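Observations on the model geometry
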Amino acid sequence: MQSADVVVVGSGAFGASAAYHLARRGLRVAVLERAALASQTSPRAAGLTSQVRATPALTRLAQRAVTKLASFSEETGQPLRFTQSGALKIARTERDAEQLGREVKRGAAVGVPIELVSVAEARRRLPILGERGIVAVTWSPTDCNVEPSELPLGYCRAAEKLGAALLPHTPATGFELGPRGVEGVRTPRGTIATGAVVDAAGAWARLVAGALGAPLPVVPTRHQLLITEPIAGVTPEFPIARVIDANVYVRHERGGLMLGGYEPDPVQVEAVPDDVAGLPLDIQVLWRLARSVREQFPIFQDPALRVAEHRGGLPTLTMDDRYLVGPLPGVAGAWVMSGCCVGGLSVSPALGEAIAGWIVDGAPALDCADIAPARFAGAIDEADLRERCRHAYATHYRASGGDAAP
Ligand SMILES: Cc1cc2nc3c(=O)[nH]c(=O)nc-3n(C[C@H](O)[C@H](O)[C@H](O)COP(=O)(O)OP(=O)(O)OC[C@H]3O[C@@H](n4cnc5c(N)ncnc54)[C@H](O)[C@@H]3O)c2cc1C
């Protein structure tokens with residue numbers, strides 16, 4: 001391929017969604033992927049949505065994403081396992097109960113259904129939930145979960161049907177920059193002439209932005225989950241459950257339970273491995289998180305429990321726990337989709353649509369000011385960046401006053 005209107009670097013949830021939405025707008029799109037298509041962090045996600053966010057604009061993006069996930073197969077013609085299980089959010093302290101009260105108000109203001117329910121009602125919906133130690137619970141009936149591997153692959157295939165060129169095992173190795181900005185993307189197969197590039201390189205996004213001459217204040221951070229062998233009585237109707245102060249989530253998966261969470265001292269990766277499959281994992285982190293919710297989820301203390309799958313990947317964190325999506329400051333024609341903050345898969349349908357609108361129309365249809373890279377203008381102190389990203393991760397379900405991404 002010698003030229004394209006837009007070159008997208010990365011075929012994970014962010015890049016694939018951007019490519020699909022750009023191709024739908026009639027642009028000639030090339031997707032460069034250094035590994036196999038959609039093979040890195042995205043297929044390792046939990047696939048949860050969470051719609052009530054810290055600001056109305058963020059909530060609208062998350063709400064739009066759920067609407068698009070629900071009609072994904074109809075829209076793209078590609079398969080996606082979609083379960084609208086709803087979600088429970090559990091406060092074990094008065095402080096977190098107050099946060100839930102604010103979330104109910106914020107949801108109502110934007111039209112996302114969410115209400116406070118009794119512990120008995122929560123246990124009716126999720127029979128494995130223990131009754132001790134719960135101060136307040138919310139119920140969000142429209143939250144859902146999807147099979148993570150199907151989403152980016154589906155967007156890739158749908159983009160291809162619209163004429164996009166998918167180039168797996170073809171890294172972007174450098175950029176041609178002229179006085180008016182981006183002019184081309186170098187690959188081992190030659191240079192693709194283009195006036196626009198989208199850096200959707202996941203854990204490698206900072207390296208790609210660096211090659212474009214722009215600093216990117218994100219930190220790749222290990223995040224893990226486990227899935228148990230099937231357990232009698234556990235069904236897909238079980239809602240997602242999150243415990244705010246413990247930063248733990250639980251949902252049904254393949255007849256068993258999935259448990260994941262955010263430890264206080266996560267591994268922040270400095271040298272990103274060639275493939276996320278080579279990332280060292282540590283299941284003890286998950287057992288510690290499981291013990292921290294033993295009163296609410298005693299089932300994880302059952303010695304008969306067997307782990308069927310343990311997986312992890314490298315989401316990128318930002319200092320304010322919000323996405324980093326939009327024009328890359330200082331480089332005309334360069335765009336970025338990064339800072340997923342462990343919530344990029346589920347919102348990728350809306351973010352891909354937004355970036356396509358931004359590139360084609362000059363502005364996204366939904367307000368993206370809260371996530372624009374321009375908010376981090378200025379020099380970055382590396383130690384400060386890492387500490388603030390660690391803090392954002394460690395307080396994920398409380399960050400930004402309750403900006404509960406998945
Ligand atoms: C255990 C776990 C649970 C999670 N749970 C959820 C959840 O419940 N809900 C949710 O929304 N999110 C969740 N996430 C986060 C979600 O996985 C990420 O937000 C999402 O996958 C980010 O997608 P991405 O496209 O940025 O990254 P990736 O999927 O990693 O894609 C980036 C791609 O760029 C490619 N690339 C890099 N450099 C280059 C280059 N130079 N040239 C060409 N290609 C390049 C890479 O090979 C890679 O394929 C979870 C993550 C983990 C690890």
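Residues numbered from 1 in each chain as written. Predicted model: local features only at pLDDT ≥ 70, side-chain atom pairs only at ≥ 80, totals over all residues.

Points about the overall build of the protein chain
Check the secondary structure of the protein chain and you find eleven helices and 21 strands. At 20 Å, the protein chain has a C-alpha radius of gyration in line with the 22 Å of a compact globule built from 406 residues. By its C-alpha atoms, the protein chain is 65 × 40 × 40 Å across when sized along the principal axes. Here the protein chain, with 406 residues, has 54% of them falling under the buried criterion. When contacts within the protein chain are restricted to residue pairs at least 6 apart in sequence, those whose partners lie at least 24 apart make up 76%. (Helix = DSSP H or I, 4+ residues; strand = E, 2+ residues; numbered from the N terminus. Rg over C-alpha atoms; globule rule 2.2 N^0.38 Å. Buried ≥ 20, exposed ≤ 12 C-beta atoms within 10 Å, placed from the backbone. Contact = placed C-beta atoms within 7 Å.)

Overview of the nonpolar core
Counting 124 residues, the largest nonpolar core has Ala19, Val29 and Ala159 as its most contacted members. A domain split of this core shows at least three residues from each of domain 1 (6–48 + 149–218 + 319–385) and domain 2 (82–144 + 220–315). (Core = buried A, V, L, I, M, F, W, Y, C linked by C-beta atoms within 7 Å. Domains from an automatic or database assignment.)

Regarding helix H6 (residues 150–161)
For H6, with twelve residues, the first-to-last C-alpha span of 16 Å sits near the 16 Å given by 1.5 Å per residue. Of all the residues in H6, the buried ones are Leu151, Pro152, Leu153, Gly154, Tyr155, Cys156, Ala158 and Ala159. Buried residues along H6 sit in contact with helix H1 (13–24), strand S2 (29–32), helix H3 (72–76), strand S7 (145–146), strand S8 (165–167) and helix H9 (344–361). Taken from the residues just after H6, glycine 163 is the one with a positive phi, measuring 105 degrees. (Expected span 1.5 Å × (residues − 1).)

Here's the deal with the packing of helix H2 (residues 56–70) against helix H4 (residues 94–110)
Where H2 meets H4, the closest approach of the two axes is 10 Å, and the angle between their N-to-C directions is 70 degrees. Here H2 lies roughly perpendicular to H4, going by the angle between them. For H2 against H4, the interelement crossing comes out right-handed. Counting all contacts with H2, which are made through Pro56, Thr59, Arg60 and Gln63, the residues of H4 involved are Arg106, Ala109 and Val110. Classifying every residue of the contact of H2 with H4 by side-chain character gives three nonpolar, two polar and two charged. (Axes fitted to C-alpha atoms, helices over the stretch in contact; angles between N-to-C directions. Parallel < 35°, antiparallel > 145°, perpendicular 65-115°, else oblique. Left-handed = near helix turned anticlockwise from the far one by under 90°. Nonpolar A, V, L, I, M, F, W, Y, C, P; charged D, E, K, R; others polar.)

Overview of the sheet that holds strand S9 (residues 174–178)
If you trace the three strands from one edge of the open sheet to the other, you get S9-S10-S11, paired in antiparallel fashion. At either end of the open sheet lies a strand with only one pairing partner, and these are S9 and strand S11 (190–193). Across the sheet, the axes of successive neighbouring strands diverge by a mean angle of 30 degrees, strand direction being ignored. Here four bridges tie strand S10 (residues 181–187) to S11, and the two strands are oriented antiparallel to one another. Its bridge partner being in S11, valine 185 is matched across the sheet by isoleucine 192. (Pairing = 2+ DSSP bridges.)

Here we look at the environment of leucine 22
Within the secondary structure, leucine 22 sits in helix H1. Setting aside residues no more than four positions away along its own chain, leucine 22 makes contact with Val6, Leu27, Val29, Ala356 and Ile359.

Overview of the sheet that holds strand S14 (residues 223–228)
Two orientations exist for strands paired in a sheet by backbone hydrogen bonds: parallel and antiparallel. Strand order across the open sheet formed by eight strands is S5-S6-S4-S15-S16-S17-S14-S18, with mixed pairing between neighbours. Since the sheet does not close on itself, it has two edges, and those belong to strand S5 (115–117) and strand S18 (307–313), each with one partner. Averaged over neighbouring strand pairs, the angle between their axes works out to 20 degrees when direction is ignored. Looking at chain direction, S5 and strand S6 (residues 136–140) are connected through three bridges and run antiparallel. Pairing of glutamate 115 across the sheet is with tryptophan 139, part of S6. Packed onto the sheet, helix H8 (residues 283–292) meets S14, strand S16 (248–253), strand S17 (256–261) and S18 and runs at close to 75 degrees relative to S14.

Regarding the site of the ligand
Taken together, 42 residues lie around the ligand, and Gly10, Gly12, Gly202, Cys340 and Gly344 are the ones closest in. Every element with two or more residues in the shell around the ligand is listed here: H1, S14, S18 and H9. Tallied by class, the residues present in the shell around the ligand amount to 21 nonpolar, 18 polar and three charged. Formed jointly, the shell around the ligand draws a minimum of three residues from each of two domains, domain 1 (6–48 + 149–218 + 319–385) and domain 2 (82–144 + 220–315). (Near = placed C-beta within 6 Å.)

Some remarks on the domain arrangement of the protein chain
Looking at the assigned domains, one finds that the protein chain contains domain 1 (6–48 + 149–218 + 319–385) and domain 2 (82–144 + 220–315). Computed over C-alpha atoms, the centres of domain 1 and domain 2 are 29 Å apart. Split into classes, the residues belonging to the side of domain 1 that touches domain 2 amount to eight nonpolar, four polar and one charged.

Here we look at the packing of H2 against H9
Their axes nearest at 7 Å, the elements H2 and H9 cross at an angle of 95 degrees. Regarding the angle of H2 to H9, the classification is roughly perpendicular. Residue-level contacts link Leu61, Ala62, Arg64, Ala65, Lys68 and Leu69 of H2 to Ser346, Val347, Pro349, Ala350 and Leu351 of H9. Residue classes in the contact of H2 with H9 are distributed as eight nonpolar, one polar and two charged.

Some points on the pairing of S9
Relative to S10, S9 runs antiparallel, the two being bridged by five bridges. Note on S10: the bridge partner recorded for leucine 177 is valine 182. Counting the residues in the hairpin turn of S9 and S10 gives two residues.

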